[in-house]
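As a plain string of letters, each chain reads:
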Amino acid sequence: MKLMPCPLNGLRNISEFICAGELKDMPLTTVDKTVDDKAWADYLFNQDNAAGIVREWWCHSATSYWFIAERHTVTDEIIRTYPADEIYKQRVDFTPPPVPE
C-alpha cells in the first residue's frame, strides 16, 4: 500500500487523494483583465510532463483539502507535501465577463 503524507491529515492511503496536475503560473492578464482563449486553454489542458521532480496540486478527497506535493515522476517518490499558502500568500479575485444582452 502506498502512503502519502497529507499536511492536514497526516499519513494516508494514496487512494484517498486526487492529483489535479502540475503547479504552474496562471497566464498574464491584459489591462482589461482578460486572457485570450489559446493562452487559457494551454494553462488548463497542457502539461510539461517532465521527467524529474515536479510540483503538483493534490486534494484529499475526504476533507476536500488542497495542497502541493513535490513528486519525482520517474520513481513516483513523493518528496514533500505542504499547504498551498507556503507559495500563495493572497487570493486572486476574478470578475466574470459581462453577459451579452
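Up top is the structure.
Residues numbered from 1 in each chain as written. Predicted model: local features only at pLDDT ≥ 70, side-chain atom pairs only at ≥ 80, totals over all residues. Heavy atoms only, no water.

A few words on the overall build of the protein. When its secondary structure is counted, the protein shows one helix and six strands. Taken from N to C terminus, the helices and strands of the protein fall in the order β-β-β-α-β-β-β. Taken over the C-alpha trace, the protein has a radius of gyration of 16 Å; the compact-globule value for 101 residues is 13 Å, which it surpasses by more than 25%. Oriented by its inertia axes, the alpha-carbon framework of the protein measures out at about 55 × 30 × 25 Å. By the burial criterion, 23% of the 101 residues in the protein qualify as buried. Pairs at least 24 apart in sequence give 44% of the contacts found in the protein among residues at least 6 apart. For the protein, the accessible area works out to roughly 7800 Å², and carbon and sulfur atoms hold 55% of it. (Helix = DSSP H or I, 4+ residues; strand = E, 2+ residues; numbered from the N terminus. Rg over C-alpha atoms; globule rule 2.2 N^0.38 Å. Buried < 20%, exposed > 50% of the residue type's maximum accessible area, 1.4 Å probe, protein only. Contact = heavy atoms within 4.5 Å. Areas by Shrake-Rupley, 256 points an atom, 1.4 Å probe, with all protein chains shown as cover.)

Overall, the coordinates contain six salt bridges when judged by the stated rule. Where Glu-56 meets Arg-71, a salt bridge forms, and the shortest distance between an N and an O atom there is 2.7 Å. A residue pair is termed long-range when its members are at least 10 positions apart, and Glu-56 in strand β4 (residues 53–60) and Arg-71 in strand β5 (residues 65–72) qualify at 15 residues. Here Glu-56 matches Arg-71 in class, with each residue buried. One salt bridge in this structure joins Arg-80 and Glu-86, with 3.6 Å as the shortest N-O distance. (Salt bridge = Lys/Arg side-chain N within 4 Å of Asp/Glu carboxyl O.)

Turning our attention to the packing of aromatic side chains. Following the criterion strictly, the structure yields five aromatic pairs and no others. Ring geometry for Phe-17 and Phe-67: centres 5.8 Å apart, planes at 85°, overall edge-to-face. Within this pair, whereas Phe-17 is found in strand β3 (residues 17–22), its partner Phe-67 is found in strand β5, the two being separated by 50 residues in sequence. The two residues Phe-17 and Phe-67 agree in class, both being buried. Ring geometry for Trp-57 versus Tyr-88: centroids 5.9 Å apart, planes at 15°, classification stacked. Remark: Tyr-88 occurs in the segment after β6 (78–83) and Trp-57 occurs in strand β4; sequence separation between them is 31 residues. Of the residues examined, Trp-57 reaches a relative accessible area of 23% and is grouped as partly exposed. Through a chain of ring-to-ring contacts, the aromatic side chains of Phe-17, Tyr-65 and Phe-67 assemble into a single cluster. (Phe/Tyr/Trp six-rings, centres within 6.5 Å; stacked < 30°, edge-to-face > 60°.)

Attention now moves to the sheet that holds β6. Taken together, four strands build an open sheet; the order of strands is β3-β4-β5-β6 and the sheet is antiparallel. For this open sheet the edge positions go to β3 and β6, each flanked by a neighbour on one side alone. Strand-to-strand twist of the sheet, defined as the mean angle between neighbouring strand axes without regard to direction, takes the value 30°. For β5 and β6, the ladder comprises five bridges, and the chain directions are antiparallel. The residue of β6 that forms the bridge with Ala-69 is Thr-81. (Pairing = 2+ DSSP bridges. Axes fitted to C-alpha atoms, helices over the stretch in contact; angles between N-to-C directions.)

What is shown is where atoms sit, not what they do.
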